[in-house]
Each structure stands twice: as structure tokens, then as C-alpha cells.
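Breakdown of the fold
Here are the chains, one letter per residue:
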Amino acid sequence: MTQTEVNGLLAQAAEEARRAGIPISDQINPQVPLNHRARTRFGCCIRQGNRYTIELSAQLAAEGTAESILQVLAHEILHTCQGCSNHGNRWKSYAARMNRLYGYHIRRTDDFVSLGLMDHRPIRYWVVCAQCGQRLPRMKRSPLIDHPEHYRCRCGGPLQIEYIPT
């Protein structure tokens with residue numbers, strides 16, 4: 001998707017929010033910078049004084065559909081509302097309104113699958129439940145990887161780590 005198209009989707013998301021009666025800021029930069037370093041974050045709302053810049057993952061812009069890009073931009077636009085810098089109750093109520101009116105699936109977080117993207121990050125570890133067999137990929141070392149005995153699966157089973165040789 002071209003930069004002009006992404007900027008147009010930002011304008012569309014802002015107009016939809018205004019039509020829904022959501023008090024978004026009128027100080028949103030109309031240009032959407034593309035972040036080429038973002039690996040797990042699809043969008044970001046950056047506040048500088050009373051102005052906002054909505055940033056988008058370059059991968060999402062290149063591989064995503066117009067619908068998935070629009071949904072991420074709508075999510076970030078909601079952060080420009082007074083009292084919505086986090087994902088608190090006010091932000092959730094605005095997200096629910098956008099979802100109801102426009103068919104979005106705005107949530108606190110999105111993932112590659114729900115946005116129709118390929119996850120290019122290399123899997124370095126598998127977290128495996130010894131009880132139900134669920135397998136969860138992990139790309140980076142974390143406290144879970146170092147001490148799986150401190151964690152449990154949703155089913156209550158103990159977790160084990162499978163290391164993938166590099």
C-alpha cells in the first residue's frame with residue numbers, strides 16, 4: 001500500500017470516529033510514518049505536546065489489507081481522546097462503538113493471524129504443556145524460558161521448554 005493510501009485510511013478512520021461521536025483530537029498529523037524496525041507492534045500513537053502522530057508498521061503497510069490497516073489506525077486514533085492514552089474503560093467503550101458501527105474488531109492487542117500477516121520472526125523456543133500438549137512459540141528468551149517451573153498452562157499443566165538449535 002502506498003504512503004498516500006495509508007494517509008487516506010487515517011483520514012477515513014478519523015472521519016468514522018467523528019461520525020460516531022467519539023471526541024478524537026483535531027491535532028492528528030495527517031502523515032503516517034512507517035516504522036521499519038517494529039516487529040511485534042503494528043501501530044503506535046505518539047503524543048508530542050497537544051499533537052499526535054499515528055505510526056504504522058511497515059510490514060502491515062506492505063502486506064496487510066486495507067481493512068486490517070484501517071482497523072489498526074482506528075485503534076490508534078482512539079488513543080488521541082482525552083483519558084484514552086491507555087486501554088482503560090473509556091478507550092474500551094469507544095472501541096466497542098467503532099466495532100459496532102463499522103464492523104471493526106478493535107482490541108487491546110492484535111496478532112499476525114488476525115491481521116492476515118505472516119509472522120517472519122524466527123521461533124527459537126517452544127513452550128509445551130506436559131498435560132494438554134499445547135505448543136506456544138517464543139522468539140526471545142524471557143523469564144518463562146528461563147524458569148518454566150514458575151508458570152502453568154491455562155489447563156493447569158506444567159510447562160516444558162523445547163530449544164530449537166540455531
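An account of the accompanying structure is given in this report. (Residues numbered from 1 in each chain as written. Predicted model: local features only at pLDDT ≥ 70, side-chain atom pairs only at ≥ 80, totals over all residues. Heavy atoms only, no water.)

1. Things to note about the overall build of the chain
Looking only at helices and strands, the chain features five helices and six strands. Reading the chain from its N end, one meets helices and strands in the order α-β-β-β-α-α-α-β-β-α-β. Once the C-alpha set of the chain is aligned to its principal axes, its extents read approximately 50 × 35 × 30 Å. The buried share among the 166 residues of the chain stands at 40%. Put simply, of all contacts in the chain between residues at least 6 apart along the chain, 51% involve residues at least 24 apart. Per element, the accessible surface of the chain, about 9900 Å² overall, is 50% carbon and sulfur. (Helix = DSSP H or I, 4+ residues; strand = E, 2+ residues; numbered from the N terminus. Buried < 20%, exposed > 50% of the residue type's maximum accessible area, 1.4 Å probe, protein only. Contact = heavy atoms within 4.5 Å. Areas by Shrake-Rupley, 256 points an atom, 1.4 Å probe, with all protein chains shown as cover.)

2. Side note on the pattern of salt bridges
Think of it this way: side chains of opposite charge can pair up when their charged atoms draw near. According to the stated counting rule, one finds six salt bridges in the structure shown. Taking the shortest distance from any N to any O, the salt bridge between arginine 121 and aspartate 119 comes out at 2.7 Å. Arginine 121 sits in the partly exposed class, given a relative accessible area of 23%. The partner of arginine 135 in a salt bridge is glutamate 162, with the nearest N and O atoms 3.2 Å apart. (Salt bridge = Lys/Arg side-chain N within 4 Å of Asp/Glu carboxyl O.)

3. Quick word on the packing of aromatic side chains
According to the stated counting rule, one finds three aromatic pairs in the structure shown. Ring centres of tyrosine 102 and tyrosine 104 lie 6.2 Å apart, and the angle between their planes is 55°; this geometry places the pair in the tilted category. By relative accessible area, tyrosine 104 is classed as buried at 8%. With 5.6 Å between their ring centres and 75° between their planes, tyrosine 125 and tyrosine 163 make a pair best called edge-to-face. Taken as a pair, tyrosine 125 in strand β4 (residues 125–129) and tyrosine 163 in strand β6 (residues 159–163) lie far apart in primary sequence, 38 residues in all. Its relative accessible area of 13% is what places tyrosine 125 among the buried residues. Above the ring of tryptophan 126, the side-chain terminus of arginine 135 is found at 4.7 Å from the ring centroid. (Phe/Tyr/Trp six-rings, centres within 6.5 Å; stacked < 30°, edge-to-face > 60°. Lys NZ or Arg CZ within 6 Å of the ring centre and 35° of its normal.)

4. Points about the sheet that holds strand β3 (residues 51–57)
Spatial ordering of the open sheet is given by β1-β3-β2, a layout of three strands whose pairing is mixed. Whereas interior strands pair on both sides, the edge strands pair on one side only; in this sheet they are β1 (34–35) and β2 (43–48). Two strands pair when backbone bridges link them, and β1 and β3 are joined in this way by two bridges, in the parallel orientation. Residue pairing across strands places asparagine 35 opposite serine 57, the latter belonging to β3. In this fold helix α3 (residues 66–78) packs onto β2 and β3, with an angle of close to 150° to the strand it touches most, β3. (Pairing = 2+ DSSP bridges. Axes fitted to C-alpha atoms, helices over the stretch in contact; angles between N-to-C directions.)

5. A look at the pairing of strand β5 (residues 135–138)
Here β4 runs beside β5; their pairing, made up of four bridges, is antiparallel. Of the residues in β5, the one forming a bridge with tyrosine 125 is arginine 138. Where β4 folds back on β5, the antiparallel hairpin that results is connected by five residues, among which glycine 133 adopts a positive phi of roughly 85°.

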